[in-house]
Amino acid sequence: MNSVLRSTVGALLAGGAMLGALSAQAQSNAPNCEDPRVDRTACYREKAAAQEAKRQGQLNSPGGYDQNALARCKRQPASAREACEKRVLGTGNTTVSGSVQGGGKLRRTEVPVPAPKN
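A. Region of interest: the pattern of salt bridges. If you walk through the whole model with that rule in mind, you get 5 salt bridges. Note that Arg 40 is salt-bridged to Glu 34, the shortest N-O span being 3.3 Å. Between Glu 110 and Arg 108 there is a salt bridge, with its nearest N and O atoms 3.4 Å apart. With a relative accessible area of 46%, Glu 110 lands in the partly exposed category.

As structure tokens, this is what we get:
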């Protein structure tokens, strides 16, 4: 009984330490507007705008990333637009590698190109 109690307390303490570390990491990733290398006025303005967008549910809304990417595809030349849309939608022979946490997702679509006529 005593060893079970010690194991439980140990697990709770380890979980609390992990939670504290994650909280500290999240706070360290927050923008520091007091940093002398940062334009303080612009930093506070952006911070307030992000908080307002989050409050309104506009920040990180589901589907927003794909819609944004498709809107960027529309600005591509006509010859590249279809391939861009296939990469975003994942259609055709598209592979996705990487992660957002790792720095970004890479999308690759293989498109057959006809041989030139002689």
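B. A look at the state of the cysteines. Within the structure shown, the criterion is met by 2 disulfides. Covalently, Cys 33 is tied to Cys 43 through a disulfide, its sulfur atoms 2.0 Å apart. Disulfide Cys 33-Cys 43: torsion about the S-S bond near -75°, hence left-handed. Within this pair, whereas Cys 33 is found in the loop between α1 (2-29) and α2 (40-55), its partner Cys 43 is found in helix α2, the two being separated by 10 residues in sequence. With a relative accessible area of 12%, Cys 43 lands in the buried category. Cys 73 shares a disulfide with Cys 84; S-S distance 1.9 Å. Sign of the S-S torsion, about -75° for the bond between Cys 73 and Cys 84, identifies this disulfide as left-handed. Of this pair, Cys 73 sits in helix α3 (residues 64-73) while Cys 84 sits in helix α4 (residues 78-89), placing them 11 residues apart in sequence.

C. Summary view of the environment of Gly 104. Mapped onto the secondary structure, Gly 104 falls in strand β2 (residues 104-109). Of the residues examined, Gly 104 reaches a relative accessible area of 29% and is grouped as partly exposed. Among residues more than four places away in sequence, those in contact with Gly 104 are Ser 97, Gly 98 and Ser 99.

D. Focus on the packing of α3 against α4. Two elements in contact, α3 and α4, have axes whose closest approach is 9 Å; the angle formed by their N-to-C orientations is 170°. Taken together, α3 and α4 sit at an angle that is classed as roughly antiparallel. Where α3 abuts α4, its residues Asp 66, Ala 69, Leu 70 and Cys 73 lie against Arg 81, Cys 84, Glu 85, Val 88 and Leu 89.

E. Seen up close, the side chain of Thr 109. On the secondary structure map, Thr 109 appears in strand β2. Since its relative accessible area comes to 16%, Thr 109 is described here as buried. One polar contact links Thr 109 to Thr 94, side chain to side chain, over a distance of 2.7 Å. Not counting residues within four places of it along the chain, the set of residues in contact with Thr 109 comprises Lys 86, Arg 87, Thr 91, Asn 93 and Thr 94.

F. Representation of α4 within the structure. Taking 1.5 Å of rise per residue, 12 residues should cover 16 Å, and α4 covers 17 Å from first to last C-alpha, within 8% of that figure. Downstream of α4 by one or two residues, Gly 90 has phi in the positive range, about 75°.

What counts and what doesn't
Residues numbered from 1 in each chain as written. Predicted model: local features only at pLDDT ≥ 70, side-chain atom pairs only at ≥ 80, totals over all residues. Heavy atoms only, no water. Salt bridge = Lys/Arg side-chain N within 4 Å of Asp/Glu carboxyl O. Buried < 20%, exposed > 50% of the residue type's maximum accessible area, 1.4 Å probe, protein only. Disulfide = S-S within 2.5 Å. Helix = DSSP H or I, 4+ residues; strand = E, 2+ residues; numbered from the N terminus. Contact = heavy atoms within 4.5 Å. Axes fitted to C-alpha atoms, helices over the stretch in contact; angles between N-to-C directions. Parallel < 35°, antiparallel > 145°, perpendicular 65-115°, else oblique. Polar contact = N/O pair within 3.5 Å; in protein donor to acceptor, adjacent residues only side chain to side chain. Expected span 1.5 Å × (residues − 1).

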